[in-house]
Amino acid sequence: MTDAAHSTQDRPTDFSSALASVPAAGNRRAIAMPAHLKFFYGPMDCGKSTLALQIDHNHARQGRHGLVLTRYDRSGRPTITTRVGLAHDAIEVTDELDLVRLVRQQWAAGRRVDYLIVDEAGFLNPEHVDQLAELVDESHVDVYCFGLSTDFRSRLLPGAKRLIELADEISAIQVEVLCWCGRPGQQNARVVHNRVVREGDTVVVADTAVDDAVRYQVLCRAHYRSGDLGEPGERVGRGQLTFDDAAPGEPTVRAERTHR
Ligand SMILES: [Zn+2]
(Lines give C-alpha, C1' and ligand atoms only; values in the text may rest on other atoms or scores of the structure.)
Protein backbone atom coordinates (compact mmCIF):
# COMPACT_ATOMS: atom_id res chain seq x y z
CA MET A 1 0.00 0.00 0.00
CA THR A 2 2.62 2.51 1.00
CA ASP A 3 6.33 2.26 0.68
CA ALA A 4 8.98 3.33 3.10
CA ALA A 5 9.84 6.41 1.09
CA HIS A 6 6.53 8.08 1.74
CA SER A 7 6.47 11.30 3.67
CA THR A 8 4.89 11.73 7.07
CA GLN A 9 1.93 13.31 5.29
CA ASP A 10 0.62 10.01 4.03
CA ARG A 11 2.00 7.68 6.62
CA PRO A 12 -0.82 5.65 8.18
CA THR A 13 -1.73 7.09 11.53
CA ASP A 14 -2.04 4.92 14.58
CA PHE A 15 -5.30 5.83 16.24
CA SER A 16 -5.02 3.15 18.86
CA SER A 17 -4.22 5.66 21.58
CA ALA A 18 -7.41 7.54 20.83
CA LEU A 19 -9.61 4.56 20.13
CA ALA A 20 -8.45 1.92 22.54
CA SER A 21 -7.08 3.34 25.74
CA VAL A 22 -10.18 5.08 26.95
CA PRO A 23 -9.93 5.41 30.70
CA ALA A 24 -12.93 4.31 32.68
CA ALA A 25 -15.06 6.99 34.24
CA GLY A 26 -13.91 8.05 37.64
CA ASN A 27 -12.50 10.86 39.66
CA ARG A 28 -9.72 11.87 37.33
CA ARG A 29 -8.68 14.81 39.43
CA ALA A 30 -8.03 12.65 42.47
CA ILE A 31 -5.54 10.49 40.61
CA ALA A 32 -4.09 13.41 38.66
CA MET A 33 -4.41 11.65 35.33
CA PRO A 34 -3.28 14.14 32.72
CA ALA A 35 -5.82 15.12 30.09
CA HIS A 36 -4.81 15.76 26.50
CA LEU A 37 -5.49 18.13 23.66
CA LYS A 38 -5.29 16.22 20.38
CA PHE A 39 -5.66 17.43 16.82
CA PHE A 40 -6.40 15.07 13.93
CA TYR A 41 -6.18 16.76 10.55
CA GLY A 42 -6.58 15.82 6.92
CA PRO A 43 -7.97 17.03 3.60
CA MET A 44 -11.64 17.21 2.75
CA ASP A 45 -13.44 13.90 2.64
CA CYS A 46 -10.78 11.89 4.45
CA GLY A 47 -13.14 10.61 7.15
CA LYS A 48 -12.46 13.14 9.91
CA SER A 49 -16.08 13.44 11.00
CA THR A 50 -16.53 9.68 10.98
CA LEU A 51 -13.50 9.27 13.23
CA ALA A 52 -14.84 12.01 15.51
CA LEU A 53 -18.11 10.17 16.02
CA GLN A 54 -16.31 6.84 16.49
CA ILE A 55 -14.18 8.28 19.28
CA ASP A 56 -17.27 9.80 20.90
CA HIS A 57 -18.99 6.41 20.73
CA ASN A 58 -16.02 4.62 22.29
CA HIS A 59 -15.82 7.06 25.19
CA ALA A 60 -19.56 7.00 25.81
CA ARG A 61 -19.46 3.21 25.91
CA GLN A 62 -16.95 3.49 28.76
CA GLY A 63 -19.45 5.51 30.76
CA ARG A 64 -17.77 8.81 30.09
CA HIS A 65 -19.75 11.94 29.34
CA GLY A 66 -18.79 14.32 26.59
CA LEU A 67 -19.97 17.21 24.52
CA VAL A 68 -19.88 17.17 20.72
CA LEU A 69 -19.14 20.52 19.10
CA THR A 70 -18.83 21.68 15.55
CA ARG A 71 -18.15 24.81 13.56
CA TYR A 72 -19.71 25.55 10.16
CA ASP A 73 -20.95 22.01 9.75
CA ARG A 74 -21.65 21.21 6.09
CA SER A 75 -25.30 20.59 6.88
CA GLY A 76 -25.68 24.19 7.98
CA ARG A 77 -27.18 22.97 11.27
CA PRO A 78 -25.39 22.18 14.52
CA THR A 79 -24.99 18.56 13.61
CA ILE A 80 -21.94 16.53 12.73
CA THR A 81 -22.78 14.82 9.48
CA THR A 82 -20.49 12.43 7.72
CA ARG A 83 -20.33 11.36 4.14
CA VAL A 84 -20.93 7.78 5.18
CA GLY A 85 -24.31 8.75 6.60
CA LEU A 86 -23.68 9.06 10.33
CA ALA A 87 -25.01 12.07 12.16
CA HIS A 88 -24.85 13.40 15.71
CA ASP A 89 -26.37 16.48 17.32
CA ALA A 90 -23.74 19.03 18.14
CA ILE A 91 -23.27 22.39 19.75
CA GLU A 92 -22.33 25.06 17.24
CA VAL A 93 -19.21 26.96 18.26
CA THR A 94 -20.04 30.58 17.53
CA ASP A 95 -17.56 33.44 17.71
CA GLU A 96 -19.08 34.47 21.03
CA LEU A 97 -19.10 31.03 22.65
CA ASP A 98 -16.68 30.70 25.57
CA LEU A 99 -15.87 27.01 25.79
CA VAL A 100 -14.67 27.19 29.41
CA ARG A 101 -17.92 28.81 30.40
CA LEU A 102 -19.87 26.25 28.38
CA VAL A 103 -18.32 23.36 30.34
CA ARG A 104 -18.73 25.14 33.68
CA GLN A 105 -22.41 25.66 32.89
CA GLN A 106 -22.78 21.94 32.32
CA TRP A 107 -21.15 21.19 35.66
CA ALA A 108 -23.34 23.77 37.39
CA ALA A 109 -26.34 21.94 35.98
CA GLY A 110 -25.03 18.68 37.44
CA ARG A 111 -23.81 17.20 34.16
CA ARG A 112 -20.35 15.69 33.94
CA VAL A 113 -18.09 16.60 31.07
CA ASP A 114 -15.14 14.22 30.72
CA TYR A 115 -14.24 15.03 27.15
CA LEU A 116 -15.00 17.26 24.18
CA ILE A 117 -15.18 16.25 20.52
CA VAL A 118 -14.67 19.27 18.23
CA ASP A 119 -15.30 18.81 14.52
CA GLU A 120 -14.30 21.40 11.89
CA ALA A 121 -11.73 22.62 14.41
CA GLY A 122 -9.60 24.27 11.75
CA PHE A 123 -12.21 27.00 11.63
CA LEU A 124 -12.07 27.74 15.36
CA ASN A 125 -10.83 31.14 16.44
CA PRO A 126 -7.45 31.04 18.20
CA GLU A 127 -9.24 32.12 21.38
CA HIS A 128 -11.37 28.98 21.26
CA VAL A 129 -8.24 26.83 21.13
CA ASP A 130 -6.77 28.68 24.11
CA GLN A 131 -10.00 27.92 25.98
CA LEU A 132 -9.68 24.24 25.07
CA ALA A 133 -6.11 24.19 26.40
CA GLU A 134 -7.32 25.76 29.63
CA LEU A 135 -9.99 23.06 29.98
CA VAL A 136 -7.37 20.36 29.50
CA ASP A 137 -4.90 21.82 31.99
CA GLU A 138 -7.20 23.25 34.63
CA SER A 139 -10.18 20.93 34.46
CA HIS A 140 -8.69 17.69 33.10
CA VAL A 141 -11.13 17.49 30.22
CA ASP A 142 -9.84 15.47 27.26
CA VAL A 143 -10.22 17.34 23.97
CA TYR A 144 -10.24 15.69 20.54
CA CYS A 145 -10.21 18.11 17.61
CA PHE A 146 -10.74 17.19 13.96
CA GLY A 147 -10.42 19.39 10.93
CA LEU A 148 -8.68 20.72 7.91
CA SER A 149 -5.25 22.16 8.46
CA THR A 150 -5.15 24.47 5.45
CA ASP A 151 -7.58 26.53 3.40
CA PHE A 152 -7.87 26.80 -0.39
CA ARG A 153 -4.90 29.18 -0.42
CA SER A 154 -2.81 26.39 1.18
CA ARG A 155 -2.43 28.56 4.30
CA LEU A 156 -2.98 27.27 7.81
CA LEU A 157 -6.48 27.95 9.09
CA PRO A 158 -6.57 30.00 12.31
CA GLY A 159 -7.83 27.18 14.50
CA ALA A 160 -5.41 24.68 12.99
CA LYS A 161 -2.48 27.04 13.49
CA ARG A 162 -3.28 27.52 17.17
CA LEU A 163 -3.86 23.78 17.65
CA ILE A 164 -0.48 23.00 16.10
CA GLU A 165 1.04 25.49 18.52
CA LEU A 166 -0.71 24.11 21.61
CA ALA A 167 -1.81 20.51 21.13
CA ASP A 168 -0.21 17.62 23.00
CA GLU A 169 -0.55 15.46 19.93
CA ILE A 170 -1.03 16.20 16.23
CA SER A 171 -1.90 13.41 13.82
CA ALA A 172 -2.36 13.39 10.07
CA ILE A 173 -5.35 11.23 9.32
CA GLN A 174 -4.41 8.50 6.89
CA VAL A 175 -5.04 10.05 3.54
CA GLU A 176 -7.71 8.17 1.67
CA VAL A 177 -8.41 10.95 -0.76
CA LEU A 178 -6.43 10.99 -3.96
CA CYS A 179 -5.79 13.64 -6.55
CA TRP A 180 -7.04 12.75 -10.02
CA CYS A 181 -3.47 11.71 -10.84
CA GLY A 182 -3.42 9.10 -8.08
CA ARG A 183 -1.14 10.88 -5.68
CA PRO A 184 -2.35 11.60 -2.12
CA GLY A 185 -4.57 14.66 -1.97
CA GLN A 186 -3.16 17.35 0.28
CA GLN A 187 -4.61 20.63 -0.88
CA ASN A 188 -8.23 21.75 -0.70
CA ALA A 189 -8.45 23.69 -3.94
CA ARG A 190 -11.20 26.20 -4.57
CA VAL A 191 -12.26 25.91 -8.18
CA VAL A 192 -14.17 28.75 -9.83
CA HIS A 193 -15.32 28.23 -13.41
CA ASN A 194 -12.92 25.28 -13.62
CA ARG A 195 -9.89 27.28 -12.56
CA VAL A 196 -7.98 26.92 -9.30
CA VAL A 197 -8.27 30.10 -7.24
CA ARG A 198 -5.57 30.74 -4.65
CA GLU A 199 -6.61 34.13 -3.30
CA GLY A 200 -9.88 35.48 -1.99
CA ASP A 201 -12.01 35.39 1.11
CA THR A 202 -10.81 32.95 3.70
CA VAL A 203 -12.76 29.96 4.86
CA VAL A 204 -15.42 28.49 4.44
CA VAL A 205 -14.59 25.21 2.83
CA ALA A 206 -17.47 23.56 4.66
CA ASP A 207 -19.94 26.09 3.38
CA THR A 208 -22.51 24.54 1.12
CA ALA A 209 -24.15 27.80 0.18
CA VAL A 210 -21.79 28.37 -2.66
CA ASP A 211 -22.47 29.39 -6.18
CA ASP A 212 -22.71 26.61 -8.75
CA ALA A 213 -19.59 28.00 -10.37
CA VAL A 214 -17.61 27.44 -7.16
CA ARG A 215 -16.55 24.02 -5.98
CA TYR A 216 -13.76 22.41 -4.04
CA GLN A 217 -11.46 19.68 -5.25
CA VAL A 218 -8.71 17.86 -3.41
CA LEU A 219 -5.45 17.97 -5.36
CA CYS A 220 -1.90 16.84 -4.80
CA ARG A 221 0.56 19.67 -4.21
CA ALA A 222 1.97 19.54 -7.73
CA HIS A 223 -1.42 19.86 -9.38
CA TYR A 224 -2.56 22.47 -6.88
CA ARG A 225 0.49 24.48 -7.89
CA SER A 226 0.04 23.96 -11.62
CA GLY A 227 -3.74 24.31 -11.46
CA ASP A 228 -4.19 21.17 -13.52
CA LEU A 229 -7.59 19.69 -12.71
CA GLY A 230 -7.21 16.72 -15.04
CA GLU A 231 -9.47 15.83 -17.88
CA PRO A 232 -13.09 15.33 -16.86
CA GLY A 233 -12.78 11.67 -17.82
CA GLU A 234 -9.75 11.21 -15.60
CA ARG A 235 -11.65 12.51 -12.60
CA VAL A 236 -14.18 9.70 -12.86
CA GLY A 237 -12.34 6.72 -11.59
CA ARG A 238 -12.81 3.68 -9.45
CA GLY A 239 -15.18 4.25 -6.55
CA GLN A 240 -15.75 7.80 -7.57
CA LEU A 241 -18.98 9.64 -8.06
CA THR A 242 -19.55 11.72 -11.13
CA PHE A 243 -20.43 15.37 -10.77
CA ASP A 244 -24.01 14.52 -11.66
CA ASP A 245 -24.38 12.40 -8.55
CA ALA A 246 -24.02 15.33 -6.19
CA ALA A 247 -27.00 15.70 -3.90
CA PRO A 248 -28.68 19.09 -3.98
CA GLY A 249 -26.84 21.42 -1.67
CA GLU A 250 -23.79 19.20 -1.47
CA PRO A 251 -20.50 20.77 -2.40
CA THR A 252 -19.20 19.02 -5.47
CA VAL A 253 -16.06 17.70 -3.90
CA ARG A 254 -15.01 14.75 -5.93
CA ALA A 255 -11.96 12.76 -5.20
CA GLU A 256 -11.28 9.15 -5.81
CA ARG A 257 -11.20 7.10 -2.67
CA THR A 258 -8.97 4.12 -2.21
CA HIS A 259 -10.47 0.91 -0.95
CA ARG A 260 -8.22 -0.71 1.56
ZN1 LIG B 1 -2.13 15.31 -8.82
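Note on numbering: residues in each chain are counted from 1, in written sequence order. Totals for whole chains, interfaces and linings use every residue, but because this is a predicted model, local features are given only for residues with pLDDT of at least 70 and side-chain atom pairs only at 80 or more, for both listing and counting.

- Labelled according to an unreviewed UniProt entry, the protein chain appears under the name Thymidine kinase, originating from Jatrophihabitans telluris.
- UniProt positions are given in the numbering used here, feature names are shortened, and annotations may be inferred rather than shown by experiment. Under the UniProt heading Catalytic activity (unreviewed entry), the note attached to the protein chain is "thymidine + ATP = dTMP + ADP + H(+)".

**Comments concerning the sheet that holds strand S10 (residues 187-192)**
And step 1. Sheet architecture is open: three strands sit in the order S11-S10-S12, paired in antiparallel fashion. For this open sheet the edge positions go to strand S11 (195-197) and strand S12 (214-219), each flanked by a neighbour on one side alone. In this sheet, adjacent strand axes meet at a mean angle of 45° when their direction is disregarded. Only strands that DSSP links by at least two bridges are regarded as paired with each other. Numbering of helices and strands runs from the N terminus; a helix is a DSSP stretch of H or I covering at least four residues, while a strand is a stretch of E covering at least two. Axis definition: a line fitted to C-alpha atoms, over the contacting stretch in the case of helices. Angles run 0 to 180 degrees between N-to-C directions.

**Regarding the sheet that holds strand S7 (residues 142-147)**
And step 1. The strand order S5-S2-S6-S7-S1-S8 describes an open sheet built from six strands, whose pairing is parallel. The outermost strands of the open sheet, each flanked by one partner alone, are strand S5 (91-92) and strand S8 (169-172).
And step 2. Bridge analysis of strand S1 (residues 37-41) against S8 gives four bridges, and the strand direction is parallel. In the strand pairing of S8, Lys-38 is matched with Glu-169.

**Section: helix H2 (residues 48-61)**
And step 1. Given the number of residues in a helix, its expected span is that number minus one, multiplied by 1.5 Å. Here H2 contains 14 residues, and its C-alpha end-to-end distance of 20 Å stays within 8% of the 20 Å for a straight helix at 1.5 Å per residue.
And step 2. For H2, the full list of buried residues reads Lys-48, Ser-49, Leu-51, Ala-52, Leu-53, Ile-55, Asp-56 and His-59.
And step 3. Just downstream of H2 lies Gly-63, where phi reads positive at about 85°. The exposure scheme places C-beta atoms from the backbone and then counts, for each residue, the other C-beta atoms within 10 Å of its own, assigning buried at 20 or more, exposed at 12 or fewer, and partly exposed in between.

**Concerning the environment of Asp-98**
And step 1. In this fold, Asp-98 is placed in the loop between S5 and helix H3 (99-108).
And step 2. For the pair Asp-98 and His-128, spaced 30 residues apart in sequence, the C-alpha to C-alpha distance is 7.1 Å.

**So, the environment of Asn-188**
And step 1. Here Asn-188 is to be found in strand S10.
And step 2. Here the alpha-carbon distance between Asn-188 and Tyr-224, two residues 36 residues apart in the chain, equals 8.4 Å.

**Looking at the nonpolar core**
And step 1. By convention the nonpolar core is taken to be a set of buried residues drawn from Ala, Val, Leu, Ile, Met, Phe, Trp, Tyr and Cys and joined through C-beta atoms within 7 Å. Ala-52, Ile-117, Val-118, Val-143, Tyr-144, Cys-145 and Phe-146 are the most contacted members of the largest nonpolar core, which has 49 residues in total.
And step 2. Per-domain counts for this core show at least three residues from each of domain 1 (8-172) and domain 2 (177-257).
And step 3. Dropping the residues within four chain positions of it, Cys-145 is found in contact with Lys-38, Phe-39, Val-118, Ala-121 and Leu-163. Here the bounds of each domain stem from an automatic or database domain assignment. C-beta atoms are first placed from the backbone for all residues, and any pair lying within 7 Å is then listed as a contact.

**Some remarks on helix H4 (residues 126-139)**
And step 1. When the terminal C-alpha atoms of H4 are compared, their 19 Å separation across 14 residues agrees well with the 20 Å that a helix rising 1.5 Å per residue should span.
And step 2. Those residues of H4 that sit buried are His-128, Val-129, Gln-131, Leu-132, Leu-135 and Val-136. Projected down its long axis, H4 carries its buried residues within an arc of 155°, all on one side. Opposite the buried face of H4, by more than 90 degrees, sit the exposed residues Asp-137 and Glu-138.
And step 3. Its buried side turned inward, H4 meets S1, H3, S7 and helix H5 (158-166). When we speak of the arc, we mean the arc of directions from the helix axis to the C-beta atoms.

**Here's the deal with the confidence of the model for the protein chain**
And step 1. Considering every residue of the protein chain, the mean pLDDT works out to 78; 70% of them sit at 70 or more.
And step 2. Mean pLDDT across the elements of the protein chain ranges from a minimum in strand S13 (residues 256-257), with 32, to a maximum in H5, with 98.
And step 3. Per-residue confidence from the predictor is reported as pLDDT, a score between 0 and 100. Here residues 236-260 is a poorly scored stretch, pLDDT under 50, and it has 39 contacts once near neighbours within four places are set aside; other chains count.

**A word on the packing of H3 against H4**
And step 1. Taken N-terminus to C-terminus, the directions of H3 and H4 make an angle of 45°; their axes are 8 Å apart at the nearest point. As the angle between them shows, H3 and H4 are arranged oblique. Contacts between H3 and H4 involve Leu-99, Val-100 and Val-103 on the former and, on the latter, His-128, Gln-131, Leu-132, Glu-134, Leu-135 and Ser-139.
And step 2. Three classes are used, and their members are as follows: Ala, Val, Leu, Ile, Met, Phe, Trp, Tyr, Cys and Pro are nonpolar, Asp, Glu, Lys and Arg are charged, and the others, Gly among them, are polar. For the contact of H3 with H4, the residue count by class is five nonpolar, three polar and one charged. Relative orientations are named as follows: roughly parallel for angles under 35 degrees, roughly antiparallel for angles over 145 degrees, roughly perpendicular for angles from 65 to 115 degrees, and oblique for any other angle.

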